[in-house]
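Fold and geometry: a report
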Amino acid sequence: MRVMILIKGNKESEAGVMPDEEFVRKMMNFNEELMKAGVLLEADGLQPSSKGARVRFSRGRTTVIDGPFAETKELIAGYWIWNVESLQEAVEWVKRCPSPDDIDDIDDTQEGEIEIRPIFEASDFVADFAPDIKDQTNRMKDHIEKQKTS
């Protein structure tokens, strides 16, 4: 099963503060473990919400809201996509993830949170839909796979 691992944002990530070399080294070592285990499919960090936008749909209207966004605890600083056998396996991997608390010179009051969400497969969405929707879904999935390899 594929899961998305959502790394929640904090004051530092929203301020655009990059992690120090020690933390990055620990994270890269963890990513190496994920790769060797065949778990890691994708990983990226996200820029602060000040560089982004939201589009709200309401009553037939769309509204664009430029960042930054106030509720830091609702923001995502990065993500992984993993291939695991179960949610419990994902939980066990996340428990091994480096934490900012592991760094000696970092503020002990800093907290972090990681959310694990199973990803719907195309078949989950379109199982009861018309064949043309299934075909469109398969074409989209093929297109995305081709983009990853080009």
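Residues numbered from 1 in each chain as written. Predicted model: local features only at pLDDT ≥ 70, side-chain atom pairs only at ≥ 80, totals over all residues. Heavy atoms only, no water.

Let's talk about the packing of aromatic side chains
Counted according to the given criterion, the structure contains four aromatic pairs. With 6.1 Å between their ring centres and 65° between their planes, Phe30 and Trp93 make a pair best called edge-to-face. Taken together, the residues Phe30 in helix α2 (residues 21-36) and Trp93 in helix α3 (residues 87-95) connect sequence positions 63 residues apart. A single burial state applies to Phe30 and to Trp93, both of which are buried. (Phe/Tyr/Trp six-rings, centres within 6.5 Å; stacked < 30°, edge-to-face > 60°. Helix = DSSP H or I, 4+ residues; strand = E, 2+ residues; numbered from the N terminus. Buried < 20%, exposed > 50% of the residue type's maximum accessible area, 1.4 Å probe, protein only.)

Some details on the pattern of salt bridges
Throughout the structure, instances matching the rule amount to eight salt bridges. Among the salt bridges present, the one from Arg2 reaches Glu121, with a minimum N-O distance of 3.0 Å. Note that Arg2 is positioned in strand β1 (residues 2-8) and Glu121 in the loop between β6 (114-118) and α4 (122-126), a separation of 119 residues in sequence. In this structure, Glu115 engages Arg117 in a salt bridge whose closest nitrogen and oxygen atoms are separated by 3.2 Å. Connected via shared salt-bridge partners are Lys8, Glu113, Glu115 and Arg117. (Salt bridge = Lys/Arg side-chain N within 4 Å of Asp/Glu carboxyl O.)

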